[in-house]
Amino acid sequence: MHSPDKVDLQLLGALCADPRSTFVALAQQLHLSRNTVQARMSRLEESNAFLAFDRRVNPVALGYPLTAFIEVHVQQKRLAQIVAELARIPEIVQAHGMSGATDILVRVVCTDADDLFRIDGTILACEGVERTETSLAMGELIPYRITPLLERSHP
């Protein structure tokens with residue numbers, strides 16, 4: 001991504017406040033021309049400034065009220081194969097390669113404890129997975145956010 005300037009940061013901040021804003025509304029709010037907003041938004045989109053829309057869909061609304069984090073310990077030589085297998089498990093909504101004792105940190109959503117047990121078993125069945133450690137999220141204390149970073153980037 002290109003380095004965002006003050007106008008880009010203002011656009012992103014306005015979108016964080018109201019993601020459904022139109023180009024016209026953003027232009028009026030930020031005292032810019034519609035063409036400027038459209039060009040800036042196109043440039044931001046081309047530079048991958050925006051995440052996929054599905055990150056805004058709440059899994060609870062889909063019937064998955066529980067979130068868990070599973071630490072996956074793997075045989076490193078099979079990492080790519082394991083990641084491909086994990087990507088086929090629909091309840092895995094995110095996975096990160098980690099430094100330290102854990103190889104992969106997986107975020108899963110599930111319907112209940114039995115569902116979590118099934119998902120963990122599916123992960124353990126992947127060839128090259130040595131063991132897992134599962135922690136159930138008791139609540140989201142700080143939701144995903146970008147606004148503080150935007151505010152920090154400009155006065």
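Report follows, based on the coordinates.

Procedures and definitions
- Residues numbered from 1 in each chain as written.
- Predicted model: local features only at pLDDT ≥ 70, side-chain atom pairs only at ≥ 80, totals over all residues.
- Heavy atoms only, no water.
- Salt bridge = Lys/Arg side-chain N within 4 Å of Asp/Glu carboxyl O.
- Helix = DSSP H or I, 4+ residues; strand = E, 2+ residues; numbered from the N terminus.
- Buried < 20%, exposed > 50% of the residue type's maximum accessible area, 1.4 Å probe, protein only.
- 1 Å grid on protein atoms, 1.4 Å probe; cavity = no way out; pocket = protein on both sides within 12 Å on 5 of 7 lines; lining within 4 Å.
- Points joined across faces, edges and corners; volume = space filled by probe spheres on them.
- Nonpolar A, V, L, I, M, F, W, Y, C, P; charged D, E, K, R; others polar.

Moving on: the pattern of salt bridges. All told, the structure shown has seven salt bridges when counted by the stated rule. Across the pair arginine 118 and aspartate 115 runs a salt bridge whose closest N-O atoms are separated by 2.7 Å. Taken together, the residues arginine 118 and aspartate 115, both in helix α5 (residues 113-124) and three residues apart, mark about one turn of the helix. Assessed through its relative accessible area of 11%, aspartate 115 is described here as buried. For the salt bridge of glutamate 133 with arginine 131, the shortest nitrogen-to-oxygen distance reads 2.5 Å. Connected through salt bridges with shared partners, the residues Asp5, Asp8, Arg40 and Arg43 form a single ionic network.

The subject of this paragraph is the layout of surface pockets. Here the largest pocket defines a volume of roughly 2000 Å³. If you trace the largest pocket, you find 48 residues lining it, with Leu51, Arg55, Arg56, Val57 and Tyr144 closest to the centre. Those elements that provide at least two residues to the lining of the largest pocket are α1 (6-17), α2 (23-30), β1 (66-74), β2 (92-97), β3 (104-110) and α6 (147-153). A per-element tally of the lining of the largest pocket places α1 first, with four residues. Of the residues contributing to the lining of the largest pocket, the split by class is 33 nonpolar, seven polar and eight charged. Reported here for the second largest pocket is a volume of approximately 160 Å³.

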